[in-house]
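In case you want the letters, here they are:
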Amino acid sequence: PVIRREDYRKPDWLMPDVHLEFRLDPARTQVAGRLEVTRNGAHNRPLRLNGDGLTPLAVLIDGEPQADAWRMDGPDLLVDLPGDAHVVETRVEISPEANSQLMGLYASGGNLCTQCEPEGFRRMVFFIDRPDVLSRYTVRMEADKARFPVLLSNGDRTASGDLDGGRHFAEWTDPFPKPSYLFALVAADLAANVDSFTTKSGRPVKLAIWVVEKDLPKTEHAMAALKASMAWDEKVYGREYDLGEFNIVAVADFNFGAMENKSLNIFNSRYILADPETATDIDYDGVSGVVAHEYFHNWSGNRVTCRDWFQLSLKEGFTVFRDQSFTADQGSAAVKRIEDVRLLRAAQFPEDAGPLAHPIRPESYMEVSNFYTATVYNKGAEIIRMLHTMLGPQKFRAGCDLYFARHDGTAATCEDFVVAMEDASGVDLTRFRLWYAQAGTPRIRAALSHEPAGARALLTLEQTVPPTPGQPEKQPMPVPLRIALFGERSGRAFEEERLVVLDGERCEILFEGIAERPVLSINRGFSAPVIIDAARSAADLAFLSAHDDDPFARYEAMQQLMVDTLVGAVSTGQADHGPVIEAVRTTLTDPALDSAFIGETMLLPSEAFIGDQMAVVDPVAIHRAREALRRDLGGQLEGEWRDAYERSRANRFELSPQAKGARRLRTIALGFIMASGAEDAAGIALRQFHEADNMTDRQGAFGVLANSLAPERDVAIAAFYDRFRDNGLVLDKWFSTQAFSIRPDTLDRVEELSRHPDFTLANPNRLRSLVGAMSGNQLVFHEAGGRGYRFLTDMLLEVDGLNPQTAAKLVPPLGRWRRFDEGRAALMKAELQRMLDTPGLSKDVFEQVSKSLA
Ligand code: ARG
Ligand code: ZN
């Protein structure tokens, strides 16, 4: 059954007040729901209470047990109600420890917790489980006191005490009406890092981060990020926290990053726990980014929520934009932008170019869990960023203020957001709405001509939006492009940067006073999520990589130069590495640049990204071309790399942006020293591995060694395991680093690791660390013969029986079969077909597979 956006109907019944009771036990938990329902409008339809795998043990209407007034309709409970307002009570029993889907109420590490978004609530209680039905909740929890000393839910704790038989209870009341997907409950044996924050209007807020006691020292970074987020949202958006308490709970088994439940965020522990010994700098940034993201949802998501799941980007795109802006303000904005664009290109562009392409506001779905995508989140954030760019910060802020004021306490739509932006700014966004409706990454052709006699330059821009499934014809969209011209000889910009909005298929822009030959810098800061085809020469790109005054554009010019060189090498078999080597030398030795930026710029484009530029992906040729460039860069700049390596050595660990940048550059330099083939390289790497006083350096050296055929690699694998065998999050790195290796025996090793006693399909982090990593390793996954495809499919089918949502996320790499040669395409399709032919396939996987084959 397909759910369509256009079929939205307002709810038949509302449910202003609900009371829930949980008698908690890992094996058998009893849940009672007491719903005060009211008829919404004139109709005589029954009350539909959603369920998922629930059997009603009792149904009461206005206190009277009922035998005939209800019936099951598939998983749902239908109740006939005579009047316009009733109290409906139901009771069920569920088993949290048997819940391997990790949706609804489940057990993790001996504790009990919930995940409800999007449709997990209905796995616990019969309920109107849709985001546009908002209720005030009171919750009573009972559990064994020794086993579950901590009982948490949303809002404020209003009562607690001891019961007979070693049990205790707590009652929680949340004054803010909310949809079911924001409900949460935790019963656990955990300890808290407690702190406080006073809002700008003077409200004291108790902050607590709950983890297993031994992990308490690893919560400082998350706590600092939480306080910084609270202050930032007040300063930048004028948004204050609204309750007396804010709790975060970390759990080891979690389907994704974290969840913004009202005042009780639940996190994948990888986005909470960090200390120098076990977390890399990237992990630290992940913690602060996700803590901020979930905190910001309190306004963009909770106070104003979504009318239906087609509006998901209303909260997710906006909140990702907010967390990106926060991180940019905390550290290096340039580096943050580069990282975000790299992620967009790695995860979202392929989605937009493949069989699962969908607009940021999809039109239909079979299983909504499949739409928590890079498109909805990351492209969604780019759409909000374009509004920010086009309206400017003041009008954008006025639009946000109006949006929050108008829709506070309600379930809104993407359209509501755009209307608020229009009303506050006076800017007509009619055509901009196409960004919500059309899938596919626009391509912009840019051609610059120069007329020296008239000192004029003419820039011609042309836009096409490619067809995507279900959308053969596209309209041009407004594309804001930040543009500058630089004098080739002077190296200076001709005028202030311009913001050009290409609002049709084609436009021409005239620049005057252009006496010398201009070099085009376009889509600076990545002002629009598009592909630019500007056909600039290697010389122009090298020039921009050295002279552009927009750091993103500078990075971009280097990337483009590398991509052009590598794509040329793959298609012609000939490579001229000279321009890249010289450009890298210039950047690497530029004393004005900071290490973090240099590190970003030196990273070769990924094999997958190079493949994305080609009509038919040839994984082996791409790998060879890229390794050849890496060897040349390593060999010809060996002295420079060794200098960079030495100058970025630190005396002691610090988390400052400078120190992080130095660590980044150091490991990148190590990779190039290794690529140079220098005899002492593996020894240098192993020394860094052993002597590191932090995980960034250790993991960096481990990653370099994992690619190597030198015996030092085996030493590192064994030492890493021995040191961290009791730390699940670090063991994930042990698995993923080996699965990302480019060694020829990687698939053998991955298969061996899948039989390792520490491997399990039940933990999504561990699954991704092996199977997800392997399928992201283009060379290895696409090994001719299809062994990578078979391995992925075998694993996926096994996971599907446990956790369909997580299984479905493994499908997209196989869905890219159209991009490969006939032999590989046939093998990939055969595996997709094997899934489709498997009896009992989940709806989650079915949707992804059937769309991938269509
Ligand atoms: N709302 C959560 C967040 O973005 C993520 C929920 C993801 N749910 C899912 N079924 N994938 O912070
Ligand atoms: Zn989110």
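Cut-off values and rules
Residues numbered from 1 in each chain as written. Chains lettered and ligands numbered in written order. Predicted model: local features only at pLDDT ≥ 70, side-chain atom pairs only at ≥ 80, totals over all residues. Heavy atoms only, no water. Helix = DSSP H or I, 4+ residues; strand = E, 2+ residues; numbered from the N terminus. Rg over C-alpha atoms; globule rule 2.2 N^0.38 Å. Buried < 20%, exposed > 50% of the residue type's maximum accessible area, 1.4 Å probe, protein only. Contact = heavy atoms within 4.5 Å. Areas by Shrake-Rupley, 256 points an atom, 1.4 Å probe, with all protein chains shown as cover. Polar contact = N/O pair within 3.5 Å; in protein donor to acceptor, adjacent residues only side chain to side chain. Salt bridge = Lys/Arg side-chain N within 4 Å of Asp/Glu carboxyl O. Expected span 1.5 Å × (residues − 1). Axes fitted to C-alpha atoms, helices over the stretch in contact; angles between N-to-C directions. Parallel < 35°, antiparallel > 145°, perpendicular 65-115°, else oblique. Left-handed = near helix turned anticlockwise from the far one by under 90°. Nonpolar A, V, L, I, M, F, W, Y, C, P; charged D, E, K, R; others polar. Donors = N, O, S within 2.8 Å, 3.2 Å for Na, K, Ca; no water. Tetrahedral: all angles 85-135°; square planar, octahedral: opposite > 155°, others 65-115°. Pairing = 2+ DSSP bridges. Near = heavy atom within 4 Å. pLDDT = per-residue confidence, 0-100. Phe/Tyr/Trp six-rings, centres within 6.5 Å; stacked < 30°, edge-to-face > 60°. Lys NZ or Arg CZ within 6 Å of the ring centre and 35° of its normal.

Looking at the overall build of the protein
Within the protein, the secondary structure is distributed over 27 helices and 31 strands. Its C-alpha atoms give the protein a radius of gyration of 28 Å, near enough to 29 Å, the size a compact globule of 854 residues would have. When burial is assessed residue by residue, the protein has 59% of its 854 residues classed as buried. Contacts in the protein between residues at least 24 apart in sequence constitute 69% of all its contacts with a sequence separation of at least 6. Carbon and sulfur atoms form 50% of the exposed surface of the protein, whose accessible area is close to 32,300 Å².

Comments concerning the side chain of asparagine 265
Residue position: asparagine 265 is located in strand β21 (residues 264–268). For asparagine 265, a relative accessible area of 1% corresponds to the buried category. For asparagine 265, the side chain forms a polar contact with the main-chain oxygen of asparagine 261, separated by 3.1 Å. Those residues within four positions of asparagine 265 in sequence are excluded, and the remaining contacts are Phe246, Asn247, Ile248, Val249, Met259, Glu260, Glu294 and Tyr295.

Things to note about the pattern of salt bridges
In the structure shown here, the tally under the stated rule is 78 salt bridges. Lysine 315 is paired through a salt bridge with glutamate 117; the nearest N and O atoms lie 2.8 Å apart. Remark: glutamate 117 occurs in the loop between β11 (111–115) and β12 (135–144) and lysine 315 occurs in helix α3 (residues 312–330); sequence separation between them is 198 residues. Both residues of the pair, lysine 315 and glutamate 117, count as buried. Within this structure, Arg482, Glu497, Arg524, Asp548, Asp549 and Asp550 form a network of salt bridges that share partners.

So, helix α2 (residues 281–296)
When the terminal C-alpha atoms of α2 are compared, their 22 Å separation across 16 residues agrees well with the 22 Å that a helix rising 1.5 Å per residue should span. By the criterion of burial, α2 is predominantly enclosed, with 14 of the 16 residues buried.

Here we look at the packing of helix α17 (residues 695–706) against helix α18 (residues 712–724)
Axes are the key here: two packed helices are described by the angle between their axes and the distance separating the axes. Interaxial distance between α17 and α18 falls to 9 Å at its minimum, and their mutual angle equals 140 degrees. Compared by their axis directions, α17 and α18 come out oblique. Here α17 and α18 pass one another in a crossing that is left-handed. Between α17, through Met695, Arg698, Gln699, Phe702, Leu705 and Ala706, and α18, the contact on the second element is made entirely by Glu712, Arg713, Ala716, Ile717, Phe720, Arg723 and Phe724. A per-class count over the contact of α17 with α18 returns 8 nonpolar, 1 polar and 4 charged.

What about the coordination of the zinc ion (ligand 2)?
The coordination sphere of the zinc ion (ligand 2) contains the protein donors His293 (NE2), His297 (NE2), Glu316 (OE) and Glu316 (OE), at a distance range of 1.9 to 2.7 Å. Viewed at the metal, the 6 donor atoms of the zinc ion (ligand 2) are separated by angles of 46 to 161 degrees, and the geometry they form is irregular. Motif for the zinc ion (ligand 2), donor spacing along one chain: H-x3-H-x18-E. One end of the pair, histidine 293, is in helix α2; the other, glutamate 316, is in helix α3, with 23 residues separating them in the sequence.

Some points on the pairing of strand β14 (residues 156–162)
Here β14 pairs with strand β15 (residues 167–178) via 6 bridges, running antiparallel. Note that in β15 the partner of arginine 157 across the bridge is tryptophan 172. Hairpin connection, β14 to β15: the antiparallel pair is bridged by 4 residues, and glycine 165 has positive phi, about 70 degrees.

As for the environment of glycine 728
Relative to the helices and strands, glycine 728 is located in helix α19 (residues 728–739). In this structure, the C-alpha to C-alpha distance between glycine 728 and alanine 252, residues 476 residues apart in sequence, is 8.3 Å.

A closer look at the site of ligand 1
Glu117, Glu260, Glu294, Glu316 and Tyr377 are the nearest of the 14 residues found near ligand 1. Between ligand 1 and glutamate 316 there is a distance of 3.0 Å, counted from a nitrogen atom to a side-chain nitrogen or oxygen. Look at ligand 1: alone it shows 350 Å² of surface, and the protein chains cover 96% of it. The set of elements that each furnish at least two residues to the shell around ligand 1 consists of β20 (258–259), α2 and α3. Here the shell around ligand 1 is built from residues that sort into 6 nonpolar, 3 polar and 5 charged.

Considerations on the confidence of the model for the protein
Of all residues in the protein, 100% have pLDDT values of 70 or greater, and the mean over the chain is 98. Here the predicted complex scores 0.98 on pTM and 0.98 on ipTM.

Remarks on the sheet that holds strand β28 (residues 498–502)
Taken together, 3 strands build an open sheet; the order of strands is β28-β27-β30 and the sheet is antiparallel. Of all strands in the sheet, those bounded by a partner on one side alone are β28 and β30 (518–522). Each neighbouring strand pair of the sheet contributes to a mean axis angle of 35 degrees, computed without reference to strand direction. When strand β27 (residues 479–487) meets β30, the two strands line up antiparallel, connected through 5 bridges. Bridging across to β30, phenylalanine 486 finds its partner in valine 519.

Some thoughts on the sheet that holds β21
With mixed pairing, 5 strands are arranged side by side in an open sheet as β17-β18-β19-β21-β20. The open sheet has two edge strands, β17 (191–198) and β20, and neither has a second partner. Summarising the sheet, strand β19 (residues 245–251) and β21 pair through 5 bridges and their orientation is parallel. Its bridge partner lying in β21, alanine 250 is registered against phenylalanine 267.

What about the packing of helix α11 (residues 595–602) against helix α15 (residues 657–675)?
Running from N to C, α11 and α15 point in directions that differ by 35 degrees, and their axes come no closer than 7 Å. Considering only the axes of α11 and α15, their crossing is left-handed. Between α11, through Ser595, Ala596, Ile598, Gly599, Glu600 and Met602, and α15, the contact on the second element is made entirely by Gly661, Ala662, Arg664, Leu665, Ile668 and Phe672. Its residues assigned to classes, the contact of α11 with α15 shows 7 nonpolar, 3 polar and 2 charged.

Comments concerning unusual backbone geometry
The omega angle of the peptide bond from glutamate 117 to proline 118 is -5 degrees, so this bond is cis rather than trans. Following the sequence through the fold, proline 118 ends up in the loop between β11 and β12. Phi is positive for asparagine 523, close to 55 degrees, though the residue is something other than glycine. Looking at where asparagine 523 falls in the secondary structure, it is placed in the loop between β30 and β31 (531–533). Overall, the relative accessible area of 4% leaves asparagine 523 in the buried class.

Here we look at the packing of aromatic side chains
Taken as a whole, this structure holds 38 aromatic pairs when the rule is applied. Measuring from ring centre to ring centre gives 5.8 Å for tryptophan 232 and phenylalanine 326, while their planes differ by 80 degrees; the resulting arrangement is edge-to-face. You can see tryptophan 232 sitting in helix α1 (residues 220–237) and its partner phenylalanine 326 sitting in helix α3, a full 94 residues away along the chain. Ring geometry for tryptophan 734 versus phenylalanine 735: centroids 5.2 Å apart, planes at 85 degrees, classification edge-to-face. Like tryptophan 734, the residue phenylalanine 735 is buried in the burial classification. Taken together through their ring pairs, the aromatic side chains of Trp232, Tyr237, Tyr241, Phe246, Tyr295, Phe296, Trp299, Phe318, Phe326, Tyr403, Phe404 and Phe417 make up a single cluster. A cation over an aromatic ring shows up here: lysine 262 above the ring of phenylalanine 176, its NZ or CZ 4.2 Å from the ring centre. A cation over a ring is seen here: arginine 307 above tyrosine 8, with NZ or CZ 3.7 Å from the ring centre.

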